[in-house]
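For reference, the chains in residue letters:
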Amino acid sequence: MDTNPQAGFHEETSFLSDLPKTEWKLMANTTLLHWKGFWLMPAIIKSAIAIEKQFNPLPSDILLASFPKTGTTWLKALATTILSHNSNPKSDSQTDQLQTQNPHELIPYLGMELFGENPSRDINQIPSPRVFNTHLPYSILPESVKKSGCRIIYISRNPADTFVSSWHFYSKRFGTKIPLEEAFDEFCNGIIVGGPFVDHVLEYWRERGKENVLFITYEELKEDPNKHVRRIAEFMGCSLSGDEIEQVVWKCSFERLSKLDVNKDEERVHWSGSKFNSFFRRGVVGDGKKLLSPEMMERIENLAKQRWEGSGLELNLFGA
């Protein structure tokens, strides 16, 4: 398979210049384009088109989906460790990949990392069961993915905590100095990569009744990790004992991962340019309430309630 996503369709992406655009100030005035209802970077749109044309999903594939800063790193660690225990029940510390590799190194990003203009990984070299992650909204996923039978695990998080995590991450990554209130306005107006957040979450929520879609929240995992790690393992087709579930929970805990040398190394950099240690900040629930004013909390909660009304998706699922 040709893994150069730009080959043969340069003309088909010429429409990008006609799309509505805006500047996302939190990410150092990055240009976002409005495509199919969401704000995305041009490179992400191009890679999404490449995925549509070139990706051949397998029924055994597992897709970890999320809005950025909602638990992606944790979910990648869990999926990797669950599969490792399932194939090597008596594995010891020498087979614990998390000791030597960041979770983002172990599970590739289906977009630019595999189908970008300069892909850094070859999809043909990934062993089965192949596990990928994506930040694409459900409506933008290729029909081939939806019809393949591959399993999709979506993790979400309280909108206030998602914003605060994004604020810290992008401010540190790009050194942006815009006021918190201005960044908050952007988030509430959907101006963030993959935004609007409330629409991104709602799309996957509406698919949760399907046999191949699992919807889980960051808050559920924090409240009862053993219960929900077992849910994830069973959904992935893995049978783990109680002791193995305990091991998975411990190996993937924030307390452990954030202290490993591999995740503290200032020199190790993600393909996106972010340092691997930037993916571990606090790992807590309720950060939003500590940083945002009561008025800001009311605004973001009302936004979610209005958009999700009648869907069965409620803020109390996210610990609000």
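Rules and cut-offs
Residues numbered from 1 in each chain as written. Predicted model: local features only at pLDDT ≥ 70, side-chain atom pairs only at ≥ 80, totals over all residues. Heavy atoms only, no water. UniProt positions renumbered as here; feature names shortened; annotations may be inferred. Helix = DSSP H or I, 4+ residues; strand = E, 2+ residues; numbered from the N terminus. Buried < 20%, exposed > 50% of the residue type's maximum accessible area, 1.4 Å probe, protein only. Contact = heavy atoms within 4.5 Å. Pairing = 2+ DSSP bridges. Axes fitted to C-alpha atoms, helices over the stretch in contact; angles between N-to-C directions. Core = buried A, V, L, I, M, F, W, Y, C linked by side-chain atoms within 4.5 Å. Salt bridge = Lys/Arg side-chain N within 4 Å of Asp/Glu carboxyl O. Parallel < 35°, antiparallel > 145°, perpendicular 65-115°, else oblique. Left-handed = near helix turned anticlockwise from the far one by under 90°. Nonpolar A, V, L, I, M, F, W, Y, C, P; charged D, E, K, R; others polar.

As recorded in an unreviewed UniProt entry, the chain goes by Sulfotransferase and comes from Rhododendron simsii. Recorded in UniProt under Sequence similarities (unreviewed entry), the annotation for the chain is "Belongs to the sulfotransferase 1 family."

Asks: How would you sum up the environment of L202? Please name residues and give values.
Replies: Residue position: L202 is located in helix α8 (residues 197–205). The class of L202 is buried, set by a relative accessible area of 1%. Put simply, L202 and L313 are 111 residues apart on the chain and 7.5 Å apart in space, counted from C-alpha to C-alpha. Discounting residues that sit within four places of it in the chain, L202 has contacts with R307, W308, S311 and L313.

Asks: Run through the sheet that holds strand β7 (residues 213–217), naming residues and quoting values.
Replies: Overall, parallel pairing links the four strands, which are arranged β5-β4-β6-β7 in an open sheet. Pairing within the sheet leaves two strands with one partner each, and these edge strands are β5 (131–134) and β7. When the angles between neighbouring strand axes are averaged without regard to direction, this sheet yields 20°. Inspection of the sheet shows strand β6 (residues 151–156) paired to β7 by five bridges, in the parallel sense.

Asks: Account for the nonpolar core, with residues named and values stated.
Replies: Membership of the largest hydrophobic core comes to 69 residues, with the highest contact counts inside it found for W24, I152, F163, L292 and W308. Setting aside residues no more than four positions away along its own chain, L292 makes contact with A160, F163, V164, L180, F184 and M297. Grouped together as the second largest cluster of nonpolar side chains are 32 residues, I107, V248, L257 and V262 included.

Asks: Pulling in residues and values, what's your account of unusual backbone geometry?
Replies: The peptide bond linking S128 to P129 adopts the cis configuration, its omega dihedral lying at -5°. Its location among the elements puts P129 in the loop between α4 (112–115) and β5. Here the residue pair G195 and P196 is connected by a cis peptide bond, since its omega of 10° sits within 30 degrees of zero. With respect to the helices and strands, the residue P196 is situated in the loop between α7 (180–188) and α8. Backbone geometry at K36 places phi at a positive 55°, although glycine is not the residue there. You can see K36 is positioned in the loop between β2 (30–35) and β3 (38–40). Taking relative accessible area as the criterion, K36 reaches 54% and is therefore assigned exposed. Despite not being glycine, K69 has its phi angle at roughly 70°, a positive value. Positionally, K69 belongs in the loop between β4 (62–66) and α2 (72–87). Residue K69 is classed as buried on the basis of its relative accessible area, which comes to 16%.

Asks: Describe the sheet that holds β2, and please don't skip the residues or the numbers.
Replies: The strand order β1-β2-β3 describes an open sheet built from three strands, whose pairing is antiparallel. Only two strands of the sheet have a single partner each, and these edge strands are β1 (21–24) and β3. Neighbour-to-neighbour, the strand axes of this sheet turn through a mean angle of 40°, independent of strand direction. Relative to β2, β1 is paired through four bridges, and the arrangement is antiparallel. What sits directly across from E23, in β2, is T31.

Asks: Pulling in residues and values, what's your account of the pattern of salt bridges?
Replies: Scanning the entire structure with this criterion turns up nine salt bridges. Across the pair R121 and E113 runs a salt bridge, and its minimum N-O distance is 3.5 Å. For E113, a relative accessible area of 5% puts it in the buried group.

Asks: Which residues make up the packing of helix α6 (residues 159–174) against α7, and what values go with them?
Replies: Running from N to C, α6 and α7 point in directions that differ by 125°, and their axes come no closer than 11 Å. Between α6 and α7, the crossing angle belongs to the class labelled oblique. The two elements α6 and α7 cross, and the hand of that crossing is right-handed. Across from P159, T162, F163 and W167 in α6, the residues of α7 making contact are L180, A183, F184 and F187. Split into classes, the residues belonging to the contact of α6 with α7 amount to seven nonpolar, one polar and no charged.

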